[in-house]
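The lines below spell out each chain.
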Amino acid sequence: MNKESKIDLLLFLLPPLVVLSIFVIYPIIGTVVLSFISKGTFSLSNYYEVLTESIPLKALILTKLEPTPPWGALIHNAVWILISVPAVVLLGMILAYVLRYVFGSSFVLGTVFLGMVLPGVVSGLVIRFMFDDSIGIFPRIFAVLGVPMLSKTWTIYPQTALLALILGSIWLWLGFSVTLYSAGLDSIPSSMIESALVDGASQWQIFAKIIVPQLRPVTTVVILMTVMWVLKIFDIVYVVTGGGPGGSSTVLAMIMYMYFASSLEYHKAAAVAVILALLTLIPAYWYIRIVLKGERE
Amino acid sequence: MSKARISLKGVLLNLIVWVFTILWLLPFIALLIMSVKPYTEVILHGWWSLGGNYSLKNYLEVLMNPSYNFLQGIENSLIISITSTVIPIFFAAMVAYSLTYLSFRYKTLLFTMILFFMSIPQQMVVIPLFNLYVKLGLNNTLTGLILLHSAWGIPWIAFFLRNYLKLIPLSFVEAARVDGASEMSIFLRILLPISIPALIAASAIQFTWVWGDFFYAMIFLPSPDLYVVTQRLALLKGEYHIDWGLLSAGAILAMIPPLAIYLAFKKYYVRGFVGWGLKG
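All values reported here derive from a predicted model rather than from experimental measurement.

## Some thoughts on the overall build of chain B
Item 1. The helix and strand tally for chain B stands at 14 helices and 0 strands.
Item 2. Reading the secondary structure of chain B in the N-to-C direction produces α-α-α-α-α-α-α-α-α-α-α-α-α-α.
Item 3. Projected onto its principal axes, the C-alpha coordinates of chain B cover approximately 75 × 65 × 30 Å.
Item 4. For chain B, with 280 residues in total, the buried portion stands at 54%.
Item 5. Of the contacts formed within chain B by residues at least 6 apart in sequence, a portion of 73% connects residues at least 24 apart.
Item 6. Total accessible area on chain B stands at roughly 12,500 Å², and carbon and sulfur atoms take up 70% of it.
Item 7. Counting 18 positive and 10 negative side-chain charges, chain B places the centres of these two groups 16 Å from one another.

## Here's the deal with the overall build of chain A
Item 1. Scanning chain A from N- to C-terminus turns up 14 helices and 2 strands.
Item 2. Overall, chain A is about 75 × 75 × 30 Å in size when its C-alpha atoms are taken along their principal axes.
Item 3. Burial statistics for chain A: of 297 residues in total, 55% are counted as buried.
Item 4. Partitioning the intrachain contacts of chain A with sequence separation of at least 6 by distance along the chain shows that 66% fall at a separation of at least 24.
Item 5. Accessible surface, chain A: about 12,900 Å² in total, of which carbon and sulfur atoms supply 70%.

## A word on the side chain of Ser150 of chain B
All names here are of chain B.
Item 1. Mapped onto the elements of the fold, Ser150 is located in helix H7 (residues 142-165).
Item 2. Residue Ser150 is classed as buried on the basis of its relative accessible area, which comes to 6%.
Item 3. When residues no more than four places from it in sequence are discounted, the contact partners of Ser150 are Thr83, Ser84, Ile87 and Pro88.

## Points about the UniProt feature "transmembrane region" (unreviewed entry) in chain A
Item 1. Here, UniProt's "transmembrane region" (unreviewed entry) annotation points to residues 12-37, 78-99, 106-131, 137-155, 162-184, 204-229, 236-260 and 266-288 of chain A.
Item 2. Secondary structure across residues 236-260 of chain A comprises 56% helix and 0% strand; the distance between its end C-alpha atoms is 18 Å.

## Re the packing of aromatic side chains
Item 1. In this structure the tally under the stated criterion is 45 aromatic pairs over all chains.
Item 2. Between Trp171 of chain A and Trp24 of chain B the ring centres are 6.0 Å apart and the planes differ by 35 degrees, which places this aromatic pair in the tilted class. Of the two residues, Trp171 of chain A sits in helix H8 (residues 161-186) while Trp24 of chain B sits in helix H1 (residues 8-35), which places them in two different chains.
Item 3. Accessibility expressed as a relative area gives 12% for Trp171 of chain A, which makes it buried.
Item 4. Positioned above the aromatic ring of Tyr157 of chain A, the side-chain terminus of Lys152 of chain A is 4.2 Å from the ring centre.

## Looking at the UniProt feature "transmembrane region" (unreviewed entry) in chain B
Residues and elements named next belong to chain B.
Item 1. Within this numbering scheme, the UniProt entry marks residues 12-34, 78-97, 109-130, 142-165, 186-211 and 244-265 as carrying the feature "transmembrane region" (unreviewed entry).
Item 2. Between the end C-alpha atoms of residues 109-130 there is a gap of 28 Å, over a span that is 73% helix and 0% strand.
Item 3. Between the C-alpha atoms that bound residues 142-165 the distance is 33 Å, and the span itself is 100% helix and 0% strand.

## Here's the deal with the UniProt feature "domain: ABC transmembrane type-1" (unreviewed entry) in chain A
Item 1. According to UniProt, the "domain: ABC transmembrane type-1" (unreviewed entry) feature falls on residues 74-287 of chain A.
Item 2. End C-alpha to end C-alpha, residues 74-287 of chain A measures 22 Å, and it is 75% helix and 0% strand.

## Digging into the pattern of salt bridges
Item 1. Evaluated as defined, the whole model comprises 6 salt bridges over all chains.
Item 2. With a closest N to O distance of 3.9 Å, Arg177 of chain B and Glu174 of chain B form a salt bridge. Here the residue Arg177 of chain B and the residue Glu174 of chain B both occupy positions in helix H8 (residues 171-178), the gap between them amounting to 3 residues, near one helical turn.
Item 3. A cluster of three or more residues bridged by salt bridges with shared partners is formed by Glu49, Glu265 and Lys268 of chain A.

## Description of the domain arrangement of chain B
All names here are of chain B.
Item 1. Once the domains are mapped, chain B shows domain 1 (8-54) and domain 2 (64-278).
Item 2. Spacing between the C-alpha centres of domain 1 and domain 2 amounts to 33 Å.
Item 3. Domain 1 puts 6 residues into the contact, and the matching count from domain 2 is 10 residues.
Item 4. In total, about 660 Å² of surface goes out of reach between domain 1 and domain 2, with carbon and sulfur atoms giving 80% of it.
Item 5. On inspection of domain 1 and its partner domain 2, the count reaches 0 salt bridges.
Item 6. For the pair domain 1 and domain 2, the interface holds 0 residue pairs in polar contact (both at pLDDT 80 or more).
Item 7. The residue inventory of the side of domain 1 that touches domain 2, partitioned by class, reads 5 nonpolar, 1 polar and no charged.

## Comments concerning the packing of helix H4 (residues 70-101) of chain B against H7 of chain B
All names here are of chain B.
Item 1. As a packed pair, H4 and H7 sit with axes 6 Å apart at the nearest point and diverge in direction by 40 degrees. Considering the angle they form, H4 stands oblique to H7. Between H4 and H7 lies a crossing of right-handed hand.
Item 2. Of the residues contributing to the contact of H4 with H7, the split by class is 21 nonpolar, 7 polar and 1 charged.

## A word on the interface of chain A and chain B
Item 1. Listed by partner, the interface residues are 95 residues for chain A and 93 residues for chain B.
Item 2. The junction of chain A with chain B conceals about 8,600 Å² of combined surface from both sides, 82% of it contributed by carbon and sulfur atoms.
Item 3. On inspection of chain A and its partner chain B, the count reaches 0 salt bridges.
Item 4. Remark: the boundary between chain A and chain B carries 6 residue pairs in polar contact (both at pLDDT 80 or more).
Item 5. Broken down by class, the residue content of the side of chain A that touches chain B amounts to 75 nonpolar, 12 polar and 8 charged.

Reading the values: the criteria
- Residues numbered from 1 in each chain as written.
- Chains lettered and ligands numbered in written order.
- Predicted model: local features only at pLDDT ≥ 70, side-chain atom pairs only at ≥ 80, totals over all residues.
- Heavy atoms only, no water.
- Helix = DSSP H or I, 4+ residues; strand = E, 2+ residues; numbered from the N terminus.
- Buried < 20%, exposed > 50% of the residue type's maximum accessible area, 1.4 Å probe, protein only.
- Contact = heavy atoms within 4.5 Å.
- Areas by Shrake-Rupley, 256 points an atom, 1.4 Å probe, with all protein chains shown as cover.
- Lys, Arg positive; Asp, Glu negative; His and termini not counted.
- Charge placed at Lys NZ, Arg CZ, Asp CG, Glu CD.
- UniProt positions renumbered as here; feature names shortened; annotations may be inferred.
- Phe/Tyr/Trp six-rings, centres within 6.5 Å; stacked < 30°, edge-to-face > 60°.
- Lys NZ or Arg CZ within 6 Å of the ring centre and 35° of its normal.
- Salt bridge = Lys/Arg side-chain N within 4 Å of Asp/Glu carboxyl O.
- Domains from an automatic or database assignment.
- Buried area = accessible area lost by both parts, 1.4 Å probe.
- Polar contact = N/O pair within 3.5 Å; in protein donor to acceptor, adjacent residues only side chain to side chain.
- Nonpolar A, V, L, I, M, F, W, Y, C, P; charged D, E, K, R; others polar.
- Axes fitted to C-alpha atoms, helices over the stretch in contact; angles between N-to-C directions.
- Parallel < 35°, antiparallel > 145°, perpendicular 65-115°, else oblique.
- Left-handed = near helix turned anticlockwise from the far one by under 90°.

Structure representation (structure tokens):
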């Protein structure tokens, strides 16, 4: 490289790298260091305490002691992922496919996408509203169906609070998967489907044998992005339940915030942040690998 | 794929999807109705009843009552969202340009770092930055939040712009180089104008994200006189009693800017999202 282009490179990259060093690299390292410091010495005790004495895992044991399920934050994050990933994948794929045969599909797509645009706090309030017993939609439906267990305000009972949040989050995030699947469907050559039709394949066979396998790369991205999004979820939990009642709907991001802002235990907050980041790195690593592979091709 | 034929199955399918769509919109319709009704009427007859006196009282209350200070929140949010959109776009464009058109040794490393920064959760950076901000006097300032949002925007916008630039043929960059144009002038005169659709998409998405941010605001703007709109809205909810009329008016006000941007740039916005998720 000649001298001139080196100067150009410096001109282009130095300012953003300085900004990123101060606001991203330095604090990432700082958080890791802080998480290992306890009472002035270097140790693992923050992790130990966070994982045993506090809400994230203690609740695992408490499940057996209490009638209500105040599972731990870690468990809540896991349950959240286990429910929302299949829901987002299946609903997203089916809706995107069905939309091809529906009148006014771009309006439907635009509507479903709203969840991606609105501030999390507004979405949270909508979730709170949907599950409110006096004016909300879900409890009303269950009241008509004669299910008293579910015809109350879901978000204030430990048995239903987490479920309400999970259902609400699926409702919000579906726009992401439907949009990606719609674009994925557009890229499937129509000749493939036409020749299958000529061969006498049924709609269902086409969906199962052509559409689903062709959409596999999209499905991978949808799964990875959904996991990353769910792991970081904070604002709807804060607004709707605050992690309650009794810790029954708390999540890692919420625990981190509580340690930081309520009990001012910065080192423990850092430990939770590191745990959260490590979990996020699993799907992130996968995603980065896919992108880098695409780069080389 | 074939167009919908008129058949019983087709009609049924349309019906199901449209009922689903209306159910989807129902909570927002409910918010809209509740925001123009006195809450006592909502409680007595439900938000779905059409009778009663409609008024903008809830909106006036939210905006004018000094204890809610909503206007101040909107102002702060606008300042933060607009500046935190304009600043990172330029930095990110420079990174994207370097990654696409310049060759240098640690390019793959830089690109991997960008992808890594994109995936790190927000929680990972707040504690050291909070300490730093307290020392520098940036805590509880809009500037502090703007700097953070701007820095946080650089990685994903750079990745996003790079995906766009990759699709543009190199030939005229080479031609401009042969003509003796400097990299900076190629960047400013050719690449930025070509990237306008991608720049619009990135700006729209960044704006809605910053506008919707709650976590960073809660940590870096702890004092209520500087609250942004999302914090104001969370405050409106109250601890035990929820005044849905007031809250709906607040929620509607808080969603107008991102919704307006989304509707205005819908095409770019959605295409941008698809590119972010699929290309690479």
